[in-house]
Every structure is written in structure tokens, then in C-alpha cells.
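Coordinate inspection notes
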Amino acid sequence: MLRTALRNVLAHKGRLLMTALAIMLGTAFVAGTMVFSDTLGQAMKNSYSKSFSDVSVQINDFSAGGRATAQEKSARGTAQLTDATVRQIAALPGTEQAHGIVSGFTGVADRKGKLIGEAWTARGGNFVPDASGKDSRYPMTDGRGPQKAGEIALDKETASKGGYKVGDTVRTAATGAATDSVLTGIFTSDDPQLSSGGTLTLLDTASAQKLMLTPGQYSSITVKAKPGTTETALQDEILPKLPTGSQFTVQTGQQLTDEQTKMVASGTSNMKTMLLVFAGISLFVGIFIIANTFTMLIAQRTKELALLRAVGASRRQVTNSVLVEALLIGLLASAAGVLAGIGIGAGMQSLVVSLNSGMPSGALVVSPSALIVAPLVGVLVTVLSAVVPALRASRIAPVAAMSSGDQPSSQKSLLIRNIIGSVIAGGGLALVAMGAATGSSDGRLPVGLGAALALIGIFVLLPLLSRPVIALVGPLLAKLAGTPGKLARQNAVRNPRRTAATAAALTIGLTLVSALTVLGASVGGAVDKAVTSAMKADFDVKTANGMSLTPEVAQQIAKAPGVAAASPLTEVYWDFDGTGRSVNGIDAGTVDQLVKPKLTSGSTDALAKGQILVAADYATKSGLTVGSTVKAAVYSNPPRPGATTTLTVGGVFEDNAMLAPVLMSNTEITKHDPDVDFREVLVKGADGPTATLQQSIKDATGSNPVIEVKTKQDIRDEFSKMITFALNMMYGLLAMSVLVAILGVVNTLAMSVFERKREIGMLRAIGLDRSGVKRMVRLESVVISLFGATVGVLLGCFVAWAVNGTLKNSLTGLTTVVPYGTMLLFLALAGLVGLVAALWPARRASKLDILSSIKTD
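The present account deals with the structure reproduced in this document. (Residues numbered from 1 in each chain as written. Predicted model: local features only at pLDDT ≥ 70, side-chain atom pairs only at ≥ 80, totals over all residues. Heavy atoms only, no water.)

**Quick word on the overall build of the protein chain**
Here is the rule: Helix and strand definitions here come from DSSP, where helices need a minimum of 4 consecutive H or I residues and strands a minimum of 2 consecutive E residues; each element is numbered from the N-terminal end. Each residue's exposure class comes from its accessible area (1.4 Å probe, protein chains only) as a fraction of the maximum for that residue type: buried when under 20%, exposed when over 50%, partly exposed otherwise. The contact criterion used throughout is that any non-hydrogen atoms of two residues lie within 4.5 Å.
Check the secondary structure of the protein chain and you find 29 helices and 24 strands. Here the C-alpha coordinates of the protein chain stretch approximately 100 × 70 × 45 Å along the principal axes. A total of 857 residues make up the protein chain; the buried ones form 49% of that total. Sequence separation of 24 or more characterises 82% of the internal contacts of the protein chain that already satisfy a separation of 6 or more.

**Side note on the sheet that holds strand 3 (residues 95-101)**
Worth spelling out the cut-off: For two strands to count as paired, DSSP must find a minimum of two bridges between them. All axes are obtained by fitting lines to C-alpha atoms, using only the stretch in contact for helices, and the reported angles, taken between N-to-C directions, cover 0 to 180 degrees.
With antiparallel pairing, four strands are arranged side by side in an open sheet as 3-13-1-14. Strands with a single pairing partner mark the edges of an open sheet, and in this sheet they are strand 3 and strand 14 (248-252). The mean angle between the axes of side-by-side strands here comes to 15°, regardless of whether they run parallel or antiparallel. Alignment of strand 3 against strand 13 (residues 220-225), held across six bridges, turns out to be antiparallel. Bridged to Thr95 within strand 13 is Ala225. Seen against the sheet, helix 4 (residues 83-90) touches strand 1 (57-61), strand 3 and strand 13 and runs at an angle of roughly 165° to strand 3. On top of the sheet, helix 8 (residues 231-238) reaches strand 1, strand 3, strand 13 and strand 14; it is set at about 160° to strand 14, its chief contact.

**Remarks on unusual backbone geometry**
Its identity is not glycine, yet Ser703 carries a phi of approximately 55°, on the positive side. As for its placement among the helices and strands, Ser703 is situated in the loop between helix 23 (691-700) and strand 24 (707-710).

**Thoughts on the side chain of Ser466**
Tracing the backbone through its elements, the reader meets Ser466 in helix 15 (residues 444-472). Relative accessible area serves as the criterion here: at 0%, Ser466 is assigned to the buried category. Apart from residues no more than four positions distant in its own chain, Ser466 is found in contact with Ala471, Val493, Pro496, Thr499 and Phe787.

**Focus: the packing of helix 24 (residues 712-755) against helix 27 (residues 820-837)**
The cut-off we apply is this: Any angle between 65 and 115 degrees counts as roughly perpendicular, while under 35 counts as roughly parallel, over 145 as roughly antiparallel, and the rest as oblique. Left-handed describes a crossing in which the near helix is turned anticlockwise from the far one by less than a right angle; the clockwise case is right-handed. Under the scheme applied here, ten amino acids are nonpolar (Ala, Val, Leu, Ile, Met, Phe, Trp, Tyr, Cys and Pro), four are charged (Asp, Glu, Lys and Arg), and all others, including Gly, are polar.
Two numbers describe how helix 24 lies on helix 27: the axes approach to 9 Å, and their chain directions differ by 45°. By the angle class used here, helix 24 and helix 27 are oblique. Classified by chirality, the crossing of helix 27 by helix 24 is right-handed. Counted together, Tyr731, Ile742, Val745, Val746 and Leu749 of helix 24 and Phe826, Val833 and Ala837 of helix 27 form the full contact between these two elements. Here the contact of helix 24 with helix 27 is built from residues that sort into eight nonpolar, no polar and no charged.

**Remarks on the environment of Val30**
Inspection of the secondary structure assignment puts Val30 in helix 2 (residues 17-49). A relative accessible area of 6% places Val30 in the buried class. Residues Val30 and Leu276, spaced 246 residues apart in sequence, show a C-alpha to C-alpha distance of 6.1 Å. Setting aside chain neighbours within four positions, we find Val30 in contact with Leu276, Ala279, Leu283 and Ala374.

**Here we look at the pattern of salt bridges**
Oppositely charged side chains can pair when the atoms bearing their charge come close. In plain terms, the rule: A side-chain nitrogen of Lys or Arg and a carboxyl oxygen of Asp or Glu constitute a salt bridge if their distance falls within 4 Å.
Counting across every chain of the model gives 13 salt bridges. When the shortest N-O distance is used, the salt bridge between Asp135 and Arg137 registers 2.7 Å. The shortest N-O distance in the salt bridge between Lys165 and Asp168 comes to 3.7 Å. For Asp168, a relative accessible area of 13% translates into the label buried. Within the structure, one salt-bridge network assembled from shared partners comprises Arg111, Lys165 and Asp168.

**Things to note about the nonpolar core**
The condition is simple: Think of a nonpolar core as a cluster: buried Ala, Val, Leu, Ile, Met, Phe, Trp, Tyr and Cys residues, connected wherever their side-chain atoms sit within 4.5 Å.
In this structure, Phe294, Leu305, Phe459, Leu462 and Val777 are the most contacted members of the largest nonpolar core, which totals 92 residues. Once residues within four sequence positions are removed from consideration, Leu305 is found in contact with Ile298, Val318, Ala393 and Ile396. Of all hydrophobic cores here, the second largest spans 30 residues; its members include Ile59, Ile89, Val223 and Leu234.

**Overview of the pairing of strand 19 (residues 612-615)**
Burial of the side chains of strand 19 extends over both faces: Ile612 and Val614 are buried on one face and Leu613 and Ala615 on the other. Bridge analysis of strand 19 against strand 21 (residues 644-653) gives four bridges, and the strand direction is parallel. Note that in strand 21 the partner of Leu613 across the bridge is Gly651. The sheet contact formed by strand 19 and strand 22 (residues 662-665) spans two bridges and is antiparallel. Residue pairing for strand 22: Val614 is matched across the bridge by Val662.

**So, a nonpolar patch on the surface**
The condition that has to hold: Like-charged residues within 9 Å of one another, or nonpolar side chains (Val, Leu, Ile, Met, Phe, Trp, Tyr) within 5 Å, are grouped into patches, provided each residue has over 30% relative accessible area and no salt bridge. For every accessible area listed, the method is Shrake-Rupley and the probe measures 1.4 Å; residues are considered covered only by the protein chains on display.
A surface patch of nonpolar side chains, about 510 Å² in accessible area, is lined by Leu376, Leu380, Leu384, Val387, Val388 and Leu391. The set of elements that each furnish at least two residues to the nonpolar patch consists of helix 12 (368-385) and helix 13 (387-394). Summarising the element assignment, Leu384 is placed in helix 12.

**Observations regarding helix 4**
The condition that has to hold: Our arc is simply the arc of the directions from the helix axis toward the C-beta atoms.
Burial in helix 4 covers these residues: Thr85, Val86 and Ile89. The arc that holds the buried residues of helix 4, viewed along the axis, is 100°, so those residues lie on one side. Packing partners of the buried residues in helix 4 comprise strand 1, strand 2 (81-82), strand 3, strand 12 (217-218), strand 13 and helix 8.

**A word on the packing of aromatic side chains**
To keep it simple, the criterion reads: Two aromatic rings, drawn from Phe, Tyr or Trp (for Trp, its six-membered ring), form a pair once their centres lie within 6.5 Å of each other, and the interplanar angle then sorts them: stacked below 30 degrees, edge-to-face above 60, tilted otherwise.
Counted according to the given criterion, the structure contains five aromatic pairs. Look at Tyr731 and Phe826: their rings are 6.4 Å apart centre to centre, the planes differ by 85°, and that puts the pair in the edge-to-face class. Linking Tyr731 in helix 24 with Phe826 in helix 27, this pair joins segments that are 95 residues apart in sequence. Classification of Phe826 by relative accessible area gives buried; the value is 12%.

**A closer look at the pairing of strand 9 (residues 169-173)**
When strand 5 (residues 107-108) meets strand 9, the two strands line up antiparallel, connected through two bridges. Looking at the pairing, Gly107 lines up with Ala173 of strand 9. Relative to strand 10 (residues 179-187), strand 9 runs antiparallel, the two sharing four bridges. The residue bridging Thr172 from the neighbouring strand is Thr179, located in strand 10. Adjacent in sequence and paired antiparallel, strand 9 and strand 10 are bridged by five residues.

**Considering the side chain of Ser628**
By the element assignment, Ser628 lies in the loop between helix 21 (616-622) and strand 20 (629-633). Among residues more than four places away in sequence, those in contact with Ser628 are Gly623, Leu647, Thr648 and Val649.

**So, the packing of helix 17 (residues 483-494) against helix 26 (residues 770-807)**
One way to put it is that helix 17 packs onto helix 26 with a least axis distance of 8 Å and a crossing angle of 45°. Relative to helix 26, the element helix 17 is oriented oblique. Here helix 17 runs over helix 26; the crossing is right-handed. Across from Pro484, Gly485, Leu487, Ala488, Asn491 and Ala492 in helix 17, the residues of helix 26 making contact are Gly772, Arg775, Met776, Leu779, Glu780, Val783 and Ile784. When grouped by side-chain class, the residues that make up the contact of helix 17 with helix 26 number eight nonpolar, three polar and two charged.

Taken by themselves, the reported measurements are silent on function.
Listed below in C-alpha cells is the structure:
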């Protein structure tokens, strides 16, 4: 039987080609993912390990830089790392040297005034020269380090991107007004953030503290141990010398390296998991192709299998023979897939490095797990997919199978299949509906489980669905294509199992693509609705990285020519009757010009009276109406432990994603928190959102490259770009599964043509010409593809609706938006896929010799 299995693989290698390709592609995706993630992870670990090569101990102050909330600052206290702290640590017996480090956000503008790089990777630091005037962390390739205010140094890559050389004037900024400084030096560094595309601006220590912290304050202190002193011993010496405060952490160089390594491992693990999910989808699609191929091969070898049974082969031997065939195909295809996967991993690494020249790179890492797991998965998928066809082969009765032709499924087997499919699909749809009805994150588990069950149930029911759905297009096919059209419809429904297995591959891909598209359109619609319904201001001014703006910026914007009204939109987090809630603050005198909360009761005039407006959801859950009072625990800066206030509700507004659940005047907030942070300023122009006003506001910020001045349309476009990018990435990852599905269509049609050689020969003999045969095969392919795509689109829209139901509490105003034009485009593309997939099988069918085809057994 082993020789028989090997002979069958060699005899049918042409018919098994598409199956082998599907296995190879899925295995290559798995292997490529593992090779790429392992290579990138190792390169990043090597890069980060250099960051702390000269650090024995590092003390960090996580409250430095003003990034903490008032609540966090209240809990931590006011202690700081200062020059006195540095001197104390430097005087310790185990310390060789100690440096006070200033670190924070600093952006650099190019010659056109635009920010170089991304805002969240733009950093500033202090240059700490030794006796020779050099800082060993930043060796200069040109010029010298900054020595006084008005001087800066830039990393080599940033200087190159901006086109700067030593002696040029460079504009830099944090969250306040921009300043111009002289570039005194250009340096290199092995800092991994720089190698990943970030920017670094060095200033003298006093200037860095003034820009990023407060005078005399450090964000961290790095300490190098004397020879013979261990990192742990030095850490123990340092701990008693620190100011009291929970914001300080003291870590050894090894602990910092381990932490970075863990962070890199976590990041690459998450990326690997995401890629493997899509690789799994490709392999799952391949299951249908493999099962369909073996089912058709067994049907075509009915006589052969019957003869084996007649000469003494047992059912187990027949089953094992088919499984051995699957094992051989799986082994060969998986081995090829691993080799292709190594190439894919290398290609992905090269692509990432070419897109970001600073990204760490290293030797290709091909781990033993990649060489074992990927082929093992490919073989298991292949063998498991062939189990059901193998069992069917063993059940062929020797006498009944002596006649040629496919053995049709019994009515009983299809009835049982339909019952099982109906139960699974019905249960899944019920779970989805139940989860969607919760309207909160609690429904995500039943929605996820229900969607999976519904998908499986629909797959089981596809043979039942194929006949009525395809019958609907029968009259159209007959009208457009005549006899070939009628034959195409009949062929498509002749074997429901085969049609279903072929269509299922496309159904999976279209379900996922449609669901993602509807979710993207729905979220985009909710954001658009929020901006349109709540924002009356013409411009929204904020930093590119979401950091707080300085009060001076808001004052300058309000004085800009053409500004009719302007107000900071502040945000604090207070405790209301035991529940923490976000609070927005706005100037009471300009609220009606800048925002438009849709009030269900009360008035915005209440803000000027020191009252608050609350969102409808909060009001309903807490039983609040106009005139109600609530107690709030206030977290302020500087901290005032135990500070509370009683606030009166002056109005209730409909929930809006742009506004916090509580709205009050900035004057009232600053009574309790004089140093409140704000991240945006709303501006109303005297003549509307003109380009002149936009430039006027930009000039008022000192042409700060970090500060963005956006219209309502700019905000919409920004969210639209984010959604489009995410969707395009998902589409790209799903492309492999779609390609596998196309191979399935080609495979089924090619084997079907071989199976129907006599029938095609008879059709040719009675007058159907070559072009008619081609049209028949192509239309059959298009019909099957459209059937699978239609089911996928409908199921995807349903899943998206259910997921939206679980997000309603998280995203106010979210409703399901179905982009019908895009859905029709997906169907059209599915039809095109079917047409392209049929080109080779149709050509092959049209070239069959009439007489030799009729003589086929």
C-alpha cells in the first residue's frame, strides 16, 4: 500500500500541483513570520544592549517633565533630582562618576519649517562635557558640543535630513514658542531610538532644564561604579541618599538591559502573533482546497480503489493509503515552504530597513523552532484535511464501485449535514445577537465565539445554500450566454459539496475583508459625526505628540489677528461620588462660539455661574437633573490632600465623543487646580476658517513645527488616513489567503475538466464550439466565485454590526455604516478572480480532442 500511495502521488502530480502550492504558501507565511520576527527581535536586543554599557546604576524621576496628571503628582509629592543629589551620589565610596541627565521632548524644524521625523520620537537632552570639553555619550563628527544658551548639537541623521551644517541657524521647540539656535556640532550615537528614526537635540544643561523641566532639575542620574564595586552594592549605597518620593526608581545597568530586552521580546511577540493569525487564516483556507482535491481524486479513482478492495485490501489499508499520499504531499510542500519562508523573512527585513534606514539590522536568524514548527504545521494541516476523504474512500463497496463515475452523496448524509450546520449557525447567530445587545465590552466574548460558530455553521450549510442562490442567476446566464450559460449553472450545482468547498475559500477572505471595511467606515462615521456635531470652532490647535501646551501659547493665539474667540480646552480627572470621571474645561464667555453640545435640558449660561454640564449617560446612571448637586474630590497641582467641592448641575447634553462626561468653566477648574494642563486650544475666526487665519495662528506660536493648526476637515482626514492605513495593512495580510483561494478555484476547475472529459467531448460532438466550452468553464468559475463572495460579504457585514454593538459605550454615536459601493466592488473583484482563475482550465477544456475524450473510461 505504501508503494501504491507513492505511485499515486507521482501519477497525479499535475492534479496535486495547486494543492501543493497552497500548502507551500501557508507554510512559507508561517516560516517567514518566525524568521522575520526572530531576526528583528535579535537586532533590536543587540542595539538596546549598547544603551547601558557604561551605566552601573540609573535613577529615574518619572514625574519630571510635566507629563504626569495632577492626580499622579498629588500622590508622588514634590521631591526632585537636583545638583545636590548628583553631588551626594558622586561622593559615595563606590561611585566613579555621576551625571545628571535632562531628557524631554524637543522638535527640530527643517528649512521649510516642518518637523523632522515623527513627534513622538523627537527628544532633547543635555550635553555634559568632561574636563576635555567632550561628552563620551555623544562623540562629535563635526564641531563641538553646546556651551551656552542659543547653541545646540544635532545627531548626524537629523542634520542630514534637515540639510544643516555647523554654523547654521536651526529652529527648535518644545510645547511653547519656537526658538532659533546656532548649530555648533553634529554627533553620532548608538542610541537605539536614533537608529529607529528618532531625532535628538543637545543643549547645555541650564538651557535643557529651562526648556524641558525646571531650572536645577534632572529627569535621571546615571552612575558608573568604581572597579571592584558591583552594580547591586552601588545600588544599595544610593538608595538612602535619594529624596523621599514614590516617583523615583533605582535600577542597575543589568536590570535596565533586562527590562529593554523584555520590552523588545513583548513587542516582537505581539507582531509575530498577529502575523501568525493571518498565516493561520491562509492555512485554514488551504484546508478546503486539500479536502476538495482528495475528494475529487478519490471519485476519479473509484475503479482503482474498488479493485484494491476486491483483491484483499482492507478499509484501514485504503484509508492509510490516502493519508500516506497526503503525508508525502505535505512533507514535500512544507519543505519547499520553509525554504520560501526563509526568503520571505529576509525580504521583509530588507523592506523594513529600506523604509527606515536607521532600523537595527543583523544576520538572518533561522531558529530551530522555525525549521520544526512551520513544516510540522503544514504536514498536520494536509493530513487532517485528507482524513474525511480517506474515510469516504474506505467505504466504497467493491461491487458497487466497479462502475465509473462519481459517487454522489446520499440524501441522508446531506440531511444530517444540513441539520448540524443549522444548529451550529443558529447558535452562533444567537450568541452574536446576545453579545451585540449588551452594548459594552462584556459582549465581545459572546460576539467572538458566536461569529466563529456562525462562520463554521455557514460553511457546513454552503451545499444547501448553493442551489437556490445560484439558481437566481440562472435566467441571467441563459439570456447573456445562451447554452454555455445554462450548462455553467448546471455544472455549478451538480455537486453541491464541491461547489461549497471551492466557494468557502473565498467566503473566508471576503468575510474578514468586509467586516474590517464596515468597521472602518463605522468608526470613521462616528468620528466625523462627533467633530461635526460638537465643534463650532474653525481651528483646533494642539501638539503633534499630544503633549500639554504652555499658557503663553494660548495667550498669543487669542491675540492673533483675525481671531474672534479662543479658549484652552483643559482636561482634569476628578472623583465624582466615588467614581473617577474626565472633566473638560472651557472659557464660559466663548463656549457658544467654540463648541455646541446638544442640550436636552439646561443652558450653557450655567457655566458662567460655576455650574457644570453633564453627559446624558452619566446623568441617567447617577440620577442627575438640572439643579442636582454632586461632590467631587479634586486632584490638584500643587497637591492639596482632601480637597473636595460641591458642584451644581446646570444642564444635560447628549453624549459626544469629543467632549468629556463633565463640562465646566476654566475659571472654576483653576480655583481648585491653578496649574491645570491643557492639550488643545479652540479658535473661532472673524471670517471663518481662512488660510490667512491659519497662518496667523501658526505665527502666533512662533512658527513652532510641533504645533499643528487643524480645521474640522483636517481632523476628519487625519482619522480617515489612520483607518485607511489600518485597513490597507489588513488587506495586505489577507492577500495570501485570497491567493490560496484563487488556487483553489483553479484546482477545482482543472480537475473538474479532467473528470468531465467525456461530457465535454460529447458537447463538442453535438455542436458546441471551442469558444462555447471556454465560456461554459469561465461562467461556472465566475458563478462559484460570486456565490462565495456574496455569502462572505453578507456574513462580514453581520459580524461588523455585532462588533459595533459591543463598542457603543466606548465610542459615542457609533452606528453601522455599510459602504455599498465598496461591497459591490468586492463582488466585482470576486467575479474577476473567478474569470482569471478559469483561464487555464477553460483553455485546456477547449483543446480536448473530441474522439479521445469520448473514448475516456
